[in-house]
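# Inside the fold
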Amino acid sequence: MNDTAKLEVRPGVAEFVEQVRARLADLTAEERTELTDGLGADLHELVAERGPEALGDPTAYAAELRAAAGFSPTMGKVRDKRELSAAIHAALDSARGKWDALVEGLPGDPWGLIQAVRPAWWILRAWLALQLVDLVWGNGGLNLGLSVVPSLLGWGAPLLAVASIVSVQIGRGKLWPGKARGNAAVRLLLLALNAVAIAVIPVTFTSVFTPAKASIWYPELTDGGSAHLEGGIQVDGRNVTNLFPYDASGKPLKGVQLFDQDGQPVSIDESRMWDEGEELFIGYPWLSNGEARFNVFPVPEGHVGAMEERDASAWTSDNPPAIPAYPLESAPEVGLPTDPEPAAAPEPATAPKQKAGR
């Protein structure tokens, strides 16, 4: 039977098939798969023609299957080494049956909706898996934030395409686990992998769509958006890529944090890049408790990675980001009208002149 037919199996039929499988527990996983492969689709057609009562007794049906395949009609004692596997199958089958019964009782054909969106979930879980890798070992691990397309040292886009294809093929049962899907360990592994994918959704989305990025993309929807206007800091309509602060005495300062009147960070446009000759540069943030801060100046500048984003390995490379040279060696001294006048420096003492000798 083709996979389309498998996807159309109704929950009531699926529960019947699982009950039949439970009565084949003394057989090997391969034997059970051979006896029940395509059974759901066949019974679906039968129910469509004759109604649910055509299913009959799962025990009698299992006995017929066993006899037709040359096995004893009655289930023998499950060997000890299969008891755990049988218990796992029974627990998973019971949970699946309850889930199917719950879904079938809801209005609006939710079962059909679930089947329709399965391909979208297969692609989403591939994206989540790569983002999790990037979060731990890539840009996320370096506190540079995540991109919609994982960076992964410039391989994010092709790896995402490959991972999506693999995930879809796994979902269709064409790549893995195939016939091994009837194995208890494989069923638990698939369940665990999907559970992990669901669990990392909040972490991944909050790392990709951070408040700072949201305030840049949608300033009208965020509080204090004036500090994060699209385009970052501007002077006379020109985007500012960096700021170089000096103190009142005119000495250069480093690591100066800027905030506006509402206490919101005043940041540069963290996505802005510029070229110097044939090289492309971007700002790299300071860190505060592991969180990237783009309102600390001067901002270190470094090369752009292969995917036109921050290089995940920039700080450990041979040419790491660095604070650029200040435009002025020193700035004019400044003060307020109420500041005391600086004390005049005393004139250096001069030695008394000696009379010339005769």
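By convention here, each chain's residues receive numbers from 1 onward along its written sequence. For a predicted model such as this one, the threshold for reporting local features is a pLDDT of at least 70, and the threshold for listing and counting side-chain atom pairs is 80 or more; totals across whole chains, interfaces and linings nevertheless cover every residue. Only hydrogens and water are set aside when side-chain values are computed; all heavy atoms of the structure are taken into account.

### Overview of the UniProt feature "transmembrane region" (unreviewed entry) in the protein
UniProt positions are given in the numbering used here, feature names are shortened, and annotations may be inferred rather than shown by experiment. Taking the numbering used here, the UniProt-annotated feature "transmembrane region" (unreviewed entry) corresponds to residues 152–172 and 184–205. For helices the rule is a DSSP run of H or I covering at least 4 residues; for strands it is a run of E covering at least 2, with both sets numbered from the N terminus onward. Along residues 184–205 the backbone is 95% helical and 0% strand, and the end-to-end C-alpha distance reaches 32 Å.

### Focus on the packing of helix 7 (residues 110–137) against helix 10 (residues 201–208)
Running from amino to carboxyl end, helix 7 crosses helix 10 at an angle of 65°, the nearest separation of the two axes being 10 Å. By the angle between their axes, helix 7 is roughly perpendicular relative to helix 10. As for how helix 7 packs across helix 10, the hand of that crossing is left-handed. Only Ile201, Val203, Thr204, Phe205, Ser207 and Val208 of helix 10 make contact with helix 7, whose side of the interface consists of Trp121, Trp127, Leu128, Gln131 and Leu135. All axes here are fitted lines through C-alpha atoms, helices being fitted over the stretch that makes contact, and every angle between N-to-C directions spans 0 to 180 degrees. To sort the angles, those under 35 degrees are grouped as roughly parallel, those over 145 as roughly antiparallel, those from 65 to 115 as roughly perpendicular, and the leftovers as oblique. For a crossing to be left-handed, the near helix must be turned anticlockwise from the far one by less than a right angle; the clockwise case is right-handed. The criterion used for residue contact is that any of the two residues' heavy atoms lie within 4.5 Å.

### Looking at the environment of Ser317
With respect to the helices and strands, Ser317 occurs in the segment after strand 9 (301–303). Any N or O atom pair separated by 3.5 Å or less is treated as a polar contact, with the protein-specific requirement of one donor-capable and one acceptor-capable atom, and with residues adjacent in sequence counted only for side-chain atom pairs. Only 2.6 Å separates the side chain of Ser317 from the backbone oxygen of Ala314, close enough to count as a polar contact.

### Structural notes on the nonpolar core
Residues Val20, Leu24, Leu39 and Leu43 are the most contacted members of the largest nonpolar core, which totals 13 residues. Contributions of two or more residues to this core are made by helix 2 (11–22), helix 4 (39–50) and helix 5 (58–68). Examining the composition of this core, we find that four residues originate from one element, helix 2, more than from any other. Those residues in contact with Val20 that sit more than four places away from it in its chain are Leu39, Pro58, Tyr61, Ala62 and Leu65. Think of a nonpolar core as a cluster: buried Ala, Val, Leu, Ile, Met, Phe, Trp, Tyr and Cys residues, connected wherever their side-chain atoms sit within 4.5 Å. Each residue's exposure class comes from its accessible area (1.4 Å probe, protein chains only) as a fraction of the maximum for that residue type: buried when under 20%, exposed when over 50%, partly exposed otherwise. Ala126, Trp127, Ala163 and Val200 belong to the second largest nonpolar core, which has 10 residues in total.

### Considerations on the packing of aromatic side chains
Only rings of Phe, Tyr and Trp enter the pairing, Trp through its six-membered ring, and a pair is recorded when the two centres are within 6.5 Å. The plane angle decides the type: under 30 degrees is stacked, over 60 is edge-to-face, the rest tilted. With the rule as written, the count across this model stands at five aromatic pairs. Ring centres of Phe244 and Tyr326 lie 5.4 Å apart, and the angle between their planes is 65°; this geometry places the pair in the edge-to-face category. Here the residue Phe244 occupies a position in the loop between strand 2 (238–239) and strand 3 (256–257), and Tyr326 occupies one in the segment after strand 9, the gap between them amounting to 82 residues. Judged by relative accessible area, which is 21%, Tyr326 ranks as partly exposed. Measuring from centroid to centroid gives 6.3 Å for Tyr284 and Trp315, while their planes differ by 85°, and the two rings are edge-to-face. With Tyr284 in the loop between strand 5 (279–283) and strand 6 (286–288) and Trp315 in the segment after strand 9, the pair connects residues that are 31 residues apart, well separated along the chain. Look at Tyr284 and you get buried, because its relative accessible area is 0%. Taken together, the ring pairs connect Phe244, Tyr246 and Tyr326 into an aromatic cluster.

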